[in-house]
Amino acid sequence: MGVVGVIGFLPTKLLKKPEAQMEASDEERPLIHHLPPQEQCSKYTCDGTVNIDSKPALKQSTGNWRACFFILGVEFTECICFYGVSKNLVTYLTSVLHESNVDAAQNVSIWIGSCFFTPLIGAFLADTYWGRYWTVVMSILVIILGMIVLTISASPLFLNASFYNGGISRLTVYLGLYLFALGTGGIKPNIPAFGADQFDDANPVERVTKGSFFNWYYFSINVGSLLSSTVVVWVQDNIGWSVGFAGPMLLLGFGLAVFIAGRRVYRYKKLGGSPLTRVLQVLVAAARNHRLNLPDDSSLLHELPGVSEGDYRTQHTNQFRFLDKAAILSDKNCTPAAPSSPWRLCTVSQVEELKMLLRTFPVWASLVGFFMVTAQMTSTLIEQGVAMDGRVGRFTVPPASLATFDVVAVLVLIPVYDAALVPLARRATGRDRGVSHTQRIGVGLALSAVAMAYSAMVEARRLAAAAAGSTPMSIVWQVPSFFVLGAGEVFAVIGMLEFCYEQSPASMKSLGTALVQLAVAVANYLNSGMLRVVAAATARGGGGGGAGWIPDKLDEGHLDYFFWMMAALSVLNLLQFLHCSIRFRGNNTLSS
């Protein structure tokens, strides 16, 4: 997402007096002019949110943390389900379905990628038809259905049935997995957006508190991940897979009941029409008007003369000038006999919405490399752990449970970041958040490179011990890798979530947060393809000889070479990110 070459053109401050800032440059003036309601804001929210009865939301009885407790609760239970499946899925596929290491790692990456691709569908449904609340409710029901199928597929009655065979087993397992992937697409983009909706941007106190919400949202995700990596994984390995799937499913049902119980406390955003349709209309109108000449005066471009209460207007910018052709008034698209079509003539605000999304692309692309590294926690790092000595004292640690330390890092560092680092940085910089979004993301990218370099050194030492016939290395040596990756998530992932929510147009908040999930999807798809390519290329006589870098027997390969390759890619990603950030270090967005 050059990586952040144009992120500097993303101002974030609200415009109070647009006429006083019309002379400011694009880099200095805010893009969105929110138009407050005419009524007093002391009793009702000022951002146009409503209650369950579609009436203006009362400040004192709706939203804020009182609503977020319900929202974070359902997120917590959904995460127990998601991580309860994903953390140990590679083990399930290799031990129960008897897939090879490469096939299992590839299939896990594809499935996780699908779980983070479907949020585009969930965001579209929420922004266009159902709203965030009902999209979450319907999506949880689909997840529960997928968990039921998974539970049945792993039950002894099913496995011992006379009609059972490998093909039926695979079909049932993957049916349950992809029902889950479809359902989780409605959760991942809408829970953070719905939670952020509970804070009124027009209220200075609530606006600052919203920044803390994203930290605690990610905290709740990792509490669920912690329980999954320990309790759920232990149940799956020692009691049975069917019990390990059924328990999280029942807990999610309870979470859904609690979420529905809070429906009268929530604040709801009004639907703004299909964001994808609005984007397509700008692209089509710009293409159809490509022969027209842009006026020198941007005030001659098309904009609606009036706006309704709670609406917003976006200031014109000079970037991506070709898209401005969608707002050119001409005899063809503006005549009394032929009213203008939105597919031929768009408003400046609509054009600027698309420009805002395009400006997030450099930051978004930088996250893909980061998530390719974190994808190793559910694939190659687990396979490395299987080849190590899992005994710690009197206990045997399942390799999938090492992800606990990724979660521990998040759970420890989020309170420290929120309660200590932000106030210290705020006093030093004078910014509400202490550091900018891009600075926070850059720290996370650097930590991902450190984690992969350390994993490479551990694997090189493990291979040397195996070749010498020495005692296998303890799995404890993997702990720093997971801890550093968890620290990277605190900086990179949370920073990106807040960045995408705030920089997205008002009608595309769910789509904005879905972009973070899309980065995870793209990263997992790329990781899956890379694993396959690396395994095939190195097996033909590469550095690992005939066995390749990632064979079924890791002692015959060179997984350390793969980790060094990932470290090198992470460094390149970071250097490009830093280059573009330094280039625009004086810009408002980098200090926002």
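- Under an unreviewed UniProt entry, the name given to the protein is Major facilitator superfamily (MFS) profile domain-containing protein, and the organism recorded is Oryza glumipatula.
- Reading the Sequence similarities (unreviewed entry) entry of the UniProt record for the protein gives the comment "Belongs to the major facilitator superfamily. Proton-dependent oligopeptide transporter (POT/PTR) (TC 2.A.17) family."
- According to UniProt, the comment filed for the protein under the heading Subcellular location (unreviewed entry) is "Membrane".

Quick notes on the packing of aromatic side chains
Part 1 of the argument: Counted according to the given criterion, the structure contains 30 aromatic pairs.
Part 2 of the argument: Ring centres of Phe70 and Tyr266 lie 6.3 Å apart, and the angle between their planes is 85°; this geometry places the pair in the edge-to-face category. Separated by 196 residues along the polypeptide, Phe70 in helix H1 (residues 64-86) and Tyr266 in the loop between helix H9 (241-261) and helix H10 (275-288) bring together distant segments of the chain.
Part 3 of the argument: Overall, Phe70 belongs to the partly exposed group, its relative accessible area being 26%.
Part 4 of the argument: By relative accessible area, which is 0% here, Tyr266 ends up buried.
Part 5 of the argument: Between Phe213 and Phe214, the aromatic rings sit 5.6 Å apart at their centres with planes inclined by 70°, giving edge-to-face as the arrangement. With respect to class, Phe213 is no different from Phe214; both count as buried.
Part 6 of the argument: The rings of Phe70, Tyr133, Trp134, Phe194, Phe259, Tyr266 and Tyr268 are connected pair by pair, giving a single aromatic cluster.
Part 7 of the argument: One residue, Lys188, lies across the ring of Phe82, its end atom 4.0 Å from the ring centre.

Topic: empty space enclosed by the protein
Part 1 of the argument: If you add up the space inside the largest cavity, you get close to 500 Å³.
Part 2 of the argument: Lining the largest cavity are 29 residues; nearest its centre among them are Phe82, Tyr83, Phe116, Tyr218 and Val520.
Part 3 of the argument: Elements represented by at least two residues in the lining of the largest cavity include exactly H1, helix H3 (101-117), helix H8 (204-238), helix H12 (361-374), helix H14 (404-429), helix H16 (479-503) and helix H17 (509-539).
Part 4 of the argument: Considering each element in turn, the lining of the largest cavity owes the most residues, 6 residues, to H1.
Part 5 of the argument: Classifying every residue of the lining of the largest cavity by side-chain character gives 16 nonpolar, 7 polar and 6 charged.
Part 6 of the argument: Counting residues domain by domain, the lining of the largest cavity receives three or more from each of domain 1 (40-273) and domain 3 (347-540 + 548-591).

Cut-off values and rules
- Residues numbered from 1 in each chain as written.
- Predicted model: local features only at pLDDT ≥ 70, side-chain atom pairs only at ≥ 80, totals over all residues.
- Heavy atoms only, no water.
- UniProt positions renumbered as here; feature names shortened; annotations may be inferred.
- Phe/Tyr/Trp six-rings, centres within 6.5 Å; stacked < 30°, edge-to-face > 60°.
- Helix = DSSP H or I, 4+ residues; strand = E, 2+ residues; numbered from the N terminus.
- Buried < 20%, exposed > 50% of the residue type's maximum accessible area, 1.4 Å probe, protein only.
- Lys NZ or Arg CZ within 6 Å of the ring centre and 35° of its normal.
- 1 Å grid on protein atoms, 1.4 Å probe; cavity = no way out; pocket = protein on both sides within 12 Å on 5 of 7 lines; lining within 4 Å.
- Points joined across faces, edges and corners; volume = space filled by probe spheres on them.
- Nonpolar A, V, L, I, M, F, W, Y, C, P; charged D, E, K, R; others polar.
- Domains from an automatic or database assignment.

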